[in-house]
Amino acid sequence: MSQHSPASPASHASPASHVDSSFRPATTVVAAGRPAREPGAAVNPSIVYSSTYVGDETPAPGQLVYSRIGTDAWVPFEEALAALERADQPGLLFGSGMAAITAALDLVPPGAALVVPRHAYHAALVAARVLVERCGVRLRSVDIADTDAVAAATRGEGWDADGGGPAAVVWLETPTNPMLEIADIAAVSRVAHSVGGIVVVDNTFATPLLQRPLELGADVVVHSVTKYLAGHSDVTLGATVTSDPDLYATLRRRRTFGGAIAGPMDAWLALRGLRTLALRAERAQENALELARRLVDHPAVLAVAHPGLPDHPQHALAGEQMDGYGAILTLCPRGGAAAAARLTGAVRLWLPATSLGGVESMIERRRRWPDEARSVPEELLRVSVGIEHVEDLWADLDQALRVSQEG
């Protein structure tokens, strides 16, 4: 087999081979993706640096031949992620979150309809618009929290202007970035499947510890591994997960021929970061909910949103669909964009940065990016709460909010 013919997955134990299916996610995240238990063997996988492998005249199915096609450097993380998402196929590690997103978006056939949230990771929406220009995809943007509207767009009802008909793919992000809207994954999946479509869910904000879309009926899950899964703001990676063998094969071909692959050290670091996900998520969630509750009553705050607050429009749905409310919140200071800019300039502990999901707390005004949706308020700050002591986070945020009102 030449290097240009994707081999089947490398020969290794099946996903979750070291994990009992009855284990809770907090246990799975530690136990999955380990080497075989043999006397004298390492408990952690090695970092494998090799661009190619010793070959045979006729390689056996699954035999490693070339690192762009498959490498044992990816296997432990891919097994662990599949176990966490409870997928029947291994995960697929990509060189970035956007590489995983664009691979999943390529599941939309030319000229077909694609349903997307009006609010989502802005680069994903930009990539979706590129499909419109490049291959005539018909984009249907909806309020993803309005299940009836999503269902209508999926069936093509009321979309006669774009040619109507059912959508081939429904793209969900839940909670959405940055507005924290919650989509009903199970309900949308039922509608999509009834018309022959598939559902892709970006699960970056929730992580598989809090939400497992495949169990709710989704077909493909996408992650920016850069964020919570790796968790230390030191790698750039993405991943897809599916239980469907045909979708798995298609996504794997996309990675092989697109070449957006992960390096060995990044894959190893991501697995090491994954081991502490349960602890990090627990602490960050507790901090986020406590800060959200305090911000509600702060005189400098116009609005605050977090799925764990009772007044969040989809609070009940989040409680049913998720095992926690996540560590992202949004706040709008009084005084508009200028006040928000003063706030991000006044923080000392919080980091004014554009990422999220790390151990450190970050804050960012989203509309500073030209591609962000115009319906996102100018002053809205996306707040990624980390694992620092909540009182230190509050003290810094409180003083910065007061500075924000001095303009």
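Residues numbered from 1 in each chain as written. Predicted model: local features only at pLDDT ≥ 70, side-chain atom pairs only at ≥ 80, totals over all residues. Heavy atoms only, no water.

Looking now at the overall build of the chain. The number of helices and strands found in the chain is 13 helices and twelve strands. Computed over the C-alpha atoms, the radius of gyration of the chain is 22 Å, within 12% of the 22 Å expected from 2.2 N^0.38 for a compact globule of 407 residues. C-alpha atoms of the chain, sized along the principal axes, occupy 75 × 60 × 35 Å. For the chain, buried positions account for 56% of its 407 residues. (Helix = DSSP H or I, 4+ residues; strand = E, 2+ residues; numbered from the N terminus. Rg over C-alpha atoms; globule rule 2.2 N^0.38 Å. Buried < 20%, exposed > 50% of the residue type's maximum accessible area, 1.4 Å probe, protein only.)

Before going further, it helps to examine empty space enclosed by the protein. The gaps left among the atoms become clear once a water-sized probe is rolled over them. With the rule as written, the count across this model stands at six cavities of 30 Å³ or more. A volume near 70 Å³ is recorded for the second largest cavity. Taken together, P45, S46, I47, V48, A73, P76, F77, P264, A267, W268 and L271 form the lining of the second largest cavity. Contributing elements (two or more residues each) for the lining of the second largest cavity: α2 (75–85) and α9 (264–274). Considering every element that reaches the lining of the second largest cavity, the biggest residue donor is α9, with four residues. Residue classes in the lining of the second largest cavity are distributed as ten nonpolar, one polar and no charged. (1 Å grid on protein atoms, 1.4 Å probe; cavity = no way out; pocket = protein on both sides within 12 Å on 5 of 7 lines; lining within 4 Å. Points joined across faces, edges and corners; volume = space filled by probe spheres on them. Nonpolar A, V, L, I, M, F, W, Y, C, P; charged D, E, K, R; others polar.)

Attention now goes to helix α8 (residues 245–258). Between its terminal C-alpha atoms α8 stretches 19 Å, which fits the 20 Å expected from 14 residues at 1.5 Å a residue. Along α8, the residues classified as buried are L247, Y248, L251, R252, R255 and T256. Next to the buried residues of α8 lie α2, β1 (92–94), α3 (97–105), β5 (198–202), β6 (220–223) and β7 (238–242). Two or three places before D246, at the opening of α8, D244 has a side-chain oxygen 2.8 Å from that residue's backbone nitrogen. Positioned one or two residues after α8, G259 has a phi angle of 75 degrees, which is positive. (Expected span 1.5 Å × (residues − 1). Contact = heavy atoms within 4.5 Å. Polar contact = N/O pair within 3.5 Å; in protein donor to acceptor, adjacent residues only side chain to side chain.)

The strands that make up a sheet pair up through hydrogen bonds in the backbone, lying either parallel or antiparallel. Strand order in the open sheet made by the seven strands is β1-β7-β6-β5-β4-β2-β3, with mixed pairing throughout. Both edges of this open sheet fall to β1 and β3 (138–142), since each of them pairs with a single strand only. The average angle at which neighbouring strand axes cross in this sheet is 20 degrees, direction not considered. Sheet topology places β5 next to β6; three bridges connect them, and they run parallel. The residue of β6 that forms the bridge with V200 is V220. Seen against the sheet, helix α5 (residues 147–155) touches β2 (113–117), β3 and β4 (169–173) and runs at an angle of roughly 170 degrees to β3. (Pairing = 2+ DSSP bridges. Axes fitted to C-alpha atoms, helices over the stretch in contact; angles between N-to-C directions.)

Our next topic: the sheet that holds strand β10 (residues 351–352). Pairing is mixed in the open sheet, where five strands are placed in the order β8-β9-β12-β11-β10. Strand pairing shows two members of the sheet lacking a second neighbour, β8 (301–305) and β10, which therefore form its edges. Strand direction decides the pairing type here: β8 and strand β9 (residues 328–333), joined by four bridges, are antiparallel. The residue of β9 that forms the bridge with A305 is T330.

Okay, the layout of surface pockets next. Put simply, the largest pocket is a space of about 340 Å³. Surrounding the largest pocket, 23 residues form its lining, M98, Y121, N177, S224 and K227 being those nearest its centre. Among the secondary structure elements, those contributing two or more residues to the lining of the largest pocket are α3 and β6. It is α3 that provides the largest number of residues to the lining of the largest pocket, a total of three residues.

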